[in-house]
Amino acid sequence: MSENIYVIGNWKMNKHLHEVTDFFDQFNISLHDMFASDNSANIEIGVAPAAIHLPQLSDATNFSLVAQNIASEENGAYTGEISASMVAEYSRYVLVGHSERRMFFNESNDILIKKIMLAYKYNLIPIFCFGENLENREKGDYLSIIKQQIEKVIFPVFSSSVFLNQTLIVAYEPVWAIGTGKHASPEQISEVHDYARNLLIDNIGNIKGSVPILYGGSCNSQNAKSILEQKNVNGLLIGGASLDVDHFTKIIQIAHGLS
Ligand code: 13P
């Protein structure tokens with residue numbers, strides 16, 4: 001089992017600079033208060049703002065920065081892209097394979113493999129997202145979809161021993177639960193997380209440390225506790241509820257209580 005509980009906010013394409021500043025003015029005070037009484041908690045807090053705001057937050061101390069994306073090419077004539085090496089100047093983690101990137105930007109498995117390898121090259125820790133859509137869930141073939149998503153991207157990366165010393169984080173984000181207010185039940189989450197855990201152990205069991213498995217999809221302060229209590233849930237990846245500083249802090253407090 002991984003030791004840390006991860007609580008990561010994915011802000012997607014939200015917040016202007018003044019809103020980012022307001023959020024962190026309050027957030028830093030709340031975190032300071034929370035950890036002043038107990039700084040022994042095994043909790044890793046992350047925030048993924050829009051890339052343009054990463055430099056603004058690079059002196060963060062109580063939490064880590066997460067990039068929402070990196071380019072799949074290393075450098076050169078790719079107008080509008082931001083490379084892994086540029087992002088790594090500010091960020092510790094990077095999301096790879098989020099369903100919104102797969103859906104709206106046609107990111108294929110080959111692209112995701114390249115992004116993970118570039119992340120490692122520049123010392124970024126990838127958070128690889130996977131999850132079925134509503135049709136797969138209703139048809140009942142979601143586990144085979146999840147297996148394919150993991151085996152087509154993660155296994156090729158770790159098929160050579162080059163990356164075995166690297167840290168990997170994965171996140172189960174059922175597409176039907178993202179932004180819908182309809183989170184997966186603890187039983188549904190548990191089934192997929194147990195399945196993913198076994199798949200990873202059976203196939204890349206020689207990776208350094210155990211792979212934290214996060215859950216994302218309509219997480220909020222009401223459901224955070226019951227989700228985090230599941231055996232193979234090592235943290236949360238939170239969209240909408242992370243935009244509000246009070247709400248996000250409340251979720252962190254819940255995780256802090258369990259850590
Ligand atoms: P919501 O929490 O808004 O459902 O978004 C989840 C997500 O996509 C996090 O990456």
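What you see is a predicted model; the values in this text were computed from it and never measured. (Residues numbered from 1 in each chain as written. Predicted model: local features only at pLDDT ≥ 70, side-chain atom pairs only at ≥ 80, totals over all residues. Heavy atoms only, no water.)

Draft legend 1. Expanded view of the environment of asparagine 28. Relative to the helices and strands, asparagine 28 is located in helix α1 (residues 17–37). Taking relative accessible area as the criterion, asparagine 28 reaches 32% and is therefore assigned partly exposed. When the C-alpha atoms of asparagine 28 and histidine 53 are compared, they prove to be 16 Å apart, with 25 residues separating the residues in sequence. (Helix = DSSP H or I, 4+ residues; strand = E, 2+ residues; numbered from the N terminus. Buried < 20%, exposed > 50% of the residue type's maximum accessible area, 1.4 Å probe, protein only.)

Draft legend 2. Focus on the packing of α1 against helix α9 (residues 245–258). Following both chains from N to C, one finds α1 and α9 inclined at 20°, their axes separated by 10 Å at the closest point. Classed by the angle they form, the pair α1 and α9 counts as roughly parallel. The handedness of the crossing between α1 and α9 comes out as right-handed. Across the interface between the two elements, Phe23, Gln26, Phe27, Ser30, Leu31, Met34 and Phe35 of α1 pack against Val245, Asp246, Phe248, Thr249, Ile252, Gln253 and His256 of α9. (Axes fitted to C-alpha atoms, helices over the stretch in contact; angles between N-to-C directions. Parallel < 35°, antiparallel > 145°, perpendicular 65-115°, else oblique. Left-handed = near helix turned anticlockwise from the far one by under 90°. Contact = heavy atoms within 4.5 Å.)

Draft legend 3. Broad picture of the site of the ligand. Lining the immediate surroundings of the ligand are 13 residues, of which Lys12, His98, Gly179, Ser218 and Gly240 lie closest. The side chain of glutamate 173 places a nitrogen or oxygen atom 2.9 Å from an oxygen atom of the ligand. Within the backbone of glycine 179, an N or O atom sits 2.6 Å from an oxygen atom of the ligand. Coverage of the ligand by the protein chains reaches 95% of its 310 Å² of free accessible surface. Of the residues contributing to the shell around the ligand, the split by class is four nonpolar, seven polar and two charged. (Near = heavy atom within 4 Å. Polar contact = N/O pair within 3.5 Å; in protein donor to acceptor, adjacent residues only side chain to side chain. Areas by Shrake-Rupley, 256 points an atom, 1.4 Å probe, with all protein chains shown as cover. Nonpolar A, V, L, I, M, F, W, Y, C, P; charged D, E, K, R; others polar.)

Draft legend 4. Up close: the pattern of salt bridges. Applying the stated criterion across every chain yields a total of ten salt bridges. Across the salt bridge formed by lysine 12 and glutamate 100, the nearest N and O atoms sit 2.8 Å from each other. Here glutamate 100 lies in helix α3 (residues 99–104) and lysine 12 lies in the loop between β1 (5–10) and α1, a separation of 88 residues in the sequence. On the basis of relative accessibility, which here comes to 22%, the residue glutamate 100 falls in the partly exposed class. Put simply, Arg101, Glu107 and Lys115 are held in one network by salt bridges that share partners. (Salt bridge = Lys/Arg side-chain N within 4 Å of Asp/Glu carboxyl O.)

Draft legend 5. Fine view of the sheet that holds strand β3 (residues 64–67). Taken together, the eight strands give a closed barrel; going around it, the order is β1-β2-β3-β4-β5-β6-β7-β8, and neighbouring strands pair in parallel fashion. Sheet twist, expressed as the mean angle between neighbouring strand axes with direction ignored, is 25°. On top of the sheet, α9 reaches β1, β2 (43–48) and β8 (235–238); it is set at about 170° to β1, its chief contact. (Pairing = 2+ DSSP bridges.)

Draft legend 6. How the structure looks around the state of the cysteines. Counted according to the given criterion, the structure contains zero disulfides. Left unpaired, cysteine 129 is separated from the closest cysteine sulfur, that of cysteine 219, by 12 Å. Residue class for cysteine 129 comes out buried when judged on its relative accessible area of 1%. (Disulfide = S-S within 2.5 Å.)

Draft legend 7. Here's a closer look at the nonpolar core. One finds Phe27, Ile150, Ile154 and Phe158 to be the most contacted residues of the largest nonpolar core, which totals 72 residues. If one sorts the elements of this core by residue count, helix α6 (residues 142–158) sits on top with eight residues. Dropping the residues within four chain positions of it, phenylalanine 158 is found in contact with Tyr120, Phe163, Leu164, Leu168, Ile204 and Ile207. In this structure, Ile8, Tyr93, Leu95 and Leu214 belong to the second largest nonpolar core, which totals 13 residues. (Core = buried A, V, L, I, M, F, W, Y, C linked by side-chain atoms within 4.5 Å.)

Draft legend 8. The arrangement of α1 in detail. Its 21 residues give α1 an end-to-end C-alpha distance of 31 Å, which sits within 8% of 30 Å, the value for a rise of 1.5 Å per residue. By the burial criterion, the buried members of α1 are Val20, Phe23, Phe24, Phe27, Ser30, Leu31, Met34 and Phe35. Around the axis of α1, the buried residues are gathered within 145° of arc, so they sit on the same side. Exposed residues lying more than 90 degrees from the buried face of α1 are His18, Ile29, His32, Ala36 and Ser37. Tucked inside the fold, the buried residues of α1 contact β2 and α9. (Expected span 1.5 Å × (residues − 1). Arc of directions from axis to C-beta.)

Draft legend 9. Examining the pairing of β8 more closely. Alternating positions in β8 separate into two faces, Gly235 and Leu237 on one and Leu236 and Ile238 on the other, with burial throughout. As paired elements, strand β7 (residues 213–216) and β8 share three bridges and run parallel to each other. Residue leucine 214 lies in a different strand from β8, and its bridge partner there is glycine 235.

Draft legend 10. The pairing of β7, seen in detail. With burial as the criterion, each face of β7 is covered, one bearing Ile213 and Tyr215 and the other bearing Leu214 and Gly216. A crossover connection joins strand β6 (residues 169–172) to the parallel β7 through helix α7 (residues 186–204); in handedness this β-α-β unit is right-handed. (Right-handed = clockwise from strand over helix to strand, strands pointing away.)

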